[in-house]
Amino acid sequence: MKRYFAAVIPLVLLATHLGSTILYLAPTNPLTASYAPVVNRYMEPLFTQSWLLFAPDPATDNMKLWYRYRSDNQWSHWRDPLDNMLTDHQRNRFSSDGKILRIYSNIGMNLANEHTRLQYEFACKEDDVECGNSLEREIQKTDAYLLAARYVRELCLNESKVSAVKMDMMQFLIVDLHPKQFSERHEANPFGQVEYIEFQAVPFNAR
Amino acid sequence: MWREFISKVRSALESGFTLLSQKSHPHTIRLFRIVIYSWTLLNTLFMLPGAKHFWSAASYIPKRDAASIHGIEKAFNLLSLPQLESWYPVFIVIQIVFLVLGIMCVYPRWISLVIYFVSVNLGNKAFVILDGGDNLIQLMWVYLIFMDPEKHSADASDSFFNQLNNGLSNVAFLMARIQLVLVYLVAGLAKVTGPLWENGTALYYTLNVDEYTHPLAKRVISSYAVFTVIGTYATLLYQVSFPWLVWNKRVRPYLLAFGTFIHLQISFVMGLLSFGFAIACSYTVFYPDERSRSILEFLARRVKWAKDVVTRIVRSKIPQQRESQPRTQPVENE
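Residues numbered from 1 in each chain as written. Chains lettered and ligands numbered in written order. Predicted model: local features only at pLDDT ≥ 70, side-chain atom pairs only at ≥ 80, totals over all residues. Heavy atoms only, no water.

S.K.: Just give me the short version of the overall build of chain A, but keep the residues and values in it.
M.R.: Helix and strand counts for chain A stand at six helices and five strands. Along chain A, helices and strands appear, N-terminal first, in the series α-α-β-β-α-α-α-α-β-β-β. Relative to a compact globule of 207 residues, whose C-alpha radius of gyration would be 17 Å, chain A shows 24 Å and is clearly more extended. Judged by the C-alpha coordinates and their principal axes, chain A covers about 85 × 45 × 45 Å. Counting the 207 residues in chain A, one finds 42% classified as buried. In chain A, 60% of the contacts between residues at least 6 apart in sequence involve partners at least 24 apart. A total of about 12100 Å² of accessible surface is found on chain A, and carbon and sulfur atoms cover 55% of it. For chain A, the distance from the average site of its 22 positive side-chain charges to the average site of its 25 negative ones is 10 Å. (Helix = DSSP H or I, 4+ residues; strand = E, 2+ residues; numbered from the N terminus. Rg over C-alpha atoms; globule rule 2.2 N^0.38 Å. Buried < 20%, exposed > 50% of the residue type's maximum accessible area, 1.4 Å probe, protein only. Contact = heavy atoms within 4.5 Å. Areas by Shrake-Rupley, 256 points an atom, 1.4 Å probe, with all protein chains shown as cover. Lys, Arg positive; Asp, Glu negative; His and termini not counted. Charge placed at Lys NZ, Arg CZ, Asp CG, Glu CD.)

And the structure:
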């Protein structure tokens with residue numbers, strides 16, 4: 001008898017866990033609303049999982065945060081702060097650069113997502129300057145913007161220490177670089193399409 | 001006829017229960033544990049130089065609002081609490097120590113619990129850097145808590161707890177295999193619906209993303225369409241066929257070898273080192289028990305050899321030290 005119990009208990013656990021995992025991973029269907037609350041309560045947080053790995057389509061664009069600063073009334077060129085780290089990561093896969101890159105790339109992605117969310121909320125018309133300014137003021141209050149500003153400020157600070165440049169303003173933008181279409185891969189231009197979100201310049205020492 | 005049917009069902013159930021109460025794949029479980037914990041340890045060591053980027057208070061990873069974390073989630077997000085934010089070095093040290101103990105299979109279940117607890121806390125603090133490989137390894141950590149890596153293949157003894165232990169271990173082992181199958185099932189089916197995978201250009205676009213490429217690979221894939229198409233369809237075919245072919249013992253070695261090749265490519269060409277190695281390490285769960293035993297015996301011989309070398313070096317120094325020390329007592333014969 002005890003052998004039956006010793007076997008039934010694990011089998012019941014297996015059936016419960018396997019069934020919950022399958023339902024959790026199943027695509028949204030007419031029954032999802034009915035079972036999802038129960039299944040999610042069991043699966044999360046211990047068994048949280050998502051296997052849309054480069055699926056349904058892989059990543060296809062390079063989203064970057066660029067910055068520049070003003071010194072003696074002249075703006076510097078736009079700088080990509082992750083360029084050197086990317087080269088180092090491509091040279092040595094065993095370093096922590098790959099993971100660190102993800103942290104700083106995420107700053108730009110988060111900011112872009114916040115901007116998209118607010119754009120949808122404000123629904124500004126193209127020539128509505130007042131609406132655009134309100135959107136800018138609103139985004140400057142978000143955590144994503146404050147994190148980006150803190151990051152760019154630190155970059156500018158490091159650069160001013162190295163090059164002894166006196167900066168008074170800083171600015172950053174999100175640039176989204178799309179690769180050339182496969183059919184255009186032999187053409188000379190380095191990218192296919194470029195989109196960007198430019199944020200207003202802010203004083204360098206602003207908190 | 002009914003009696004015969006019931007008798008057959010009972011005998012089948014009897015065989016099933018006997019099977020469940022005996023430990024299956026004891027060597028594979030042990031090897032799987034060693035491989036997963038070794039990879040976890042290596043991953044942590046690779047990340048150590050950048051520790052302040054991942055876990056410190058000054059990190060650029062968005063902070064989770066401690067007030068919004070409730071219940072069991074709080075236990076796995078301790079490093080998001082302001083009072084514990086600077087304690088990440090302690091978590092790292094505990095993780096490293098317990099991973100070494102975990103590899104040695106000392107008090108396996110308790111050690112596995114601690115490894116899971118500290119590792120998930122470290123992972124959740126640096127959540128931005130986690131990928132699919134980390135997700136899979138986290139699930140394997142849970143299953144390892146239930147797997148018993150005892151060396152001997154225990155026959156079903158009369159003890160209820162022994163049989164329950166074996167049953168839980170077997171079920172956890174089976175679930176680890178099914179989990180890996182589900183990864184490929186979901187990822188493969190999702191890819192089939194993607195237009196870039198369907199038209200054979202997915203690899204071209206992926207290798208044009210700076211974060212996931214290498215300059216040489218980018219040049220090759222842009223110059224030779226054949227690599228793009230073959231690479232894309234081979235990846236797709238592999239993922240879609242894995243859930244079915246992996247259960248066939250004759251095909252399995254070739255399937256896993258090809259999968260290992262793909263994941264090493266992901267690690268070194270695309271730069272997703274942890275992702276590629278995590279999945280490749282998880283393949284160990286499908287090794288036949290005999291093969292796992294040979295690998296464990298090989299590892300044990302290497303460890304013994306290393307211990308012998310160290311012992312010989314230590315012993316060779318001791319007589320030299322004794323000769324160089326001055327005599328404190330007169331020798332009688334002199």
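Next, the rest of the story.
S.K.: Give a detailed account of the overall build of chain B, specifying residues and quantitative values.
M.R.: Scanning chain B from terminus to terminus reveals 15 helices and zero strands. For chain B, the C-alpha radius of gyration of 26 Å lies well beyond 20 Å, the compact-globule estimate for 334 residues. Counting over 334 residues, chain B shows a buried share of 49%. Of all intrachain contacts in chain B linking residues separated by at least 6 positions in sequence, the fraction that spans at least 24 positions is 75%. A total accessible area of about 17500 Å² is found for chain B, and carbon and sulfur atoms account for 66% of it. If you average the places of the 31 positive and of the 21 negative side-chain charges in chain B, the two averages end up 3 Å apart.

S.K.: For helix H14 (residues 273-282) of chain B, give the residues involved together with the corresponding values.
M.R.: Judged by how many residues are buried, H14 of chain B sits mostly within the fold: nine of ten residues are covered. Of all the positions in H14 of chain B, only Leu273, Ser274, Phe275, Gly276, Ala278, Ile279, Ala280, Cys281 and Ser282 of chain B are classed as buried. Buried residues in H14 of chain B make contact with helix H4 (97-122) of chain A together with helix H2 (26-47), helix H7 (132-146), helix H8 (160-192) and helix H13 (252-268) of chain B.

S.K.: Describe the pattern of salt bridges, listing the residues and the values that go with them.
M.R.: Counted by the stated rule, this structure contains 19 salt bridges over all chains. Residues arginine 117 of chain A and glutamate 114 of chain A are paired through a salt bridge, measuring 2.8 Å at the closest nitrogen-oxygen approach. A residue pair is termed a helical-turn pair when its members lie 3 or 4 positions apart in one helix, as arginine 117 of chain A and glutamate 114 of chain A do in helix H4 at three residues. With a relative accessible area of 39%, arginine 117 of chain A lands in the partly exposed category. Among the charged side chains, a salt-bridge network with shared partners connects Lys64 and Asp80 of chain A together with Asp210 and Lys218 of chain B. (Salt bridge = Lys/Arg side-chain N within 4 Å of Asp/Glu carboxyl O.)

S.K.: Tell me about a nonpolar patch on the surface, and name the residues and values.
M.R.: Taken together, the side chains of Trp2, Phe5, Ile6, Val9 and Leu13 of chain B define a hydrophobic patch exposed on the protein surface, amounting to about 540 Å² of accessible area. Inspection of the secondary structure puts tryptophan 2 of chain B in helix H1 (residues 2-21). (Patch = residues over 30% accessible without salt bridge, like charges linked within 9 Å, V, L, I, M, F, W, Y side chains within 5 Å.)

S.K.: How would you sum up unusual backbone geometry? Please name residues and give values.
M.R.: Residues and elements named next belong to chain A. Between glutamate 44 and proline 45 the backbone carries a cis peptide bond, its omega angle lying at 5 degrees. Tracing the backbone through its elements, the reader meets proline 45 in the loop between helix H2 (32-43) and strand E1 (62-71). Even without being a glycine, asparagine 73 presents a positive backbone phi close to 65 degrees. Tracing the sequence through the fold places asparagine 73 in the loop between E1 and strand E2 (74-75). The class for asparagine 73 is exposed, based on a relative accessible area of 65%. One non-glycine residue, alanine 123, lies in the positive phi region at around 50 degrees. With respect to the element layout, alanine 123 can be found in the loop between H4 and helix H5 (129-139).

S.K.: Describe H2 of chain B, and please don't skip the residues or the numbers.
M.R.: Compared with an ideal rise of 1.5 Å per residue, which puts 22 residues at 32 Å, H2 of chain B spans 32 Å between its outermost C-alpha atoms and is within 8% of the ideal. The buried fraction of H2 of chain B is high, at 17 of 22 residues. (Expected span 1.5 Å × (residues − 1).)

S.K.: I'd love a proper account of the interface of chain B and chain A, names of residues and values included.
M.R.: Quite often, the size of an interface is put as the accessible area lost when its parts meet. On the chain A side, the residues contacting the 80 residues of chain B number 61 residues. Between chain B and chain A, a total of about 6400 Å² is buried, with carbon and sulfur atoms accounting for 67% of that surface. Counting across the interface, chain B meets chain A through three salt bridges. A salt bridge links lysine 99 of chain A to aspartate 134 of chain B; the nearest nitrogen and oxygen atoms lie 3.3 Å apart. Where chain B packs against chain A, one counts 26 residue pairs in polar contact (both at pLDDT 80 or more). Along the lines of polarity and charge, the residues of the side of chain B that touches chain A split into 48 nonpolar, 24 polar and eight charged. (Buried area = accessible area lost by both parts, 1.4 Å probe. Polar contact = N/O pair within 3.5 Å; in protein donor to acceptor, adjacent residues only side chain to side chain. Nonpolar A, V, L, I, M, F, W, Y, C, P; charged D, E, K, R; others polar.)

S.K.: Could you give me a rundown of the confidence of the model for chain A, with the residues and numbers involved?
M.R.: Mean pLDDT for chain A: 91, with 98% of residues reaching 70 or above. Mean pLDDT per element in chain A: helix H1 (residues 2-25) of chain A is the minimum at 88, and strand E3 (residues 169-177) of chain A is the maximum at 95. (pLDDT = per-residue confidence, 0-100.)

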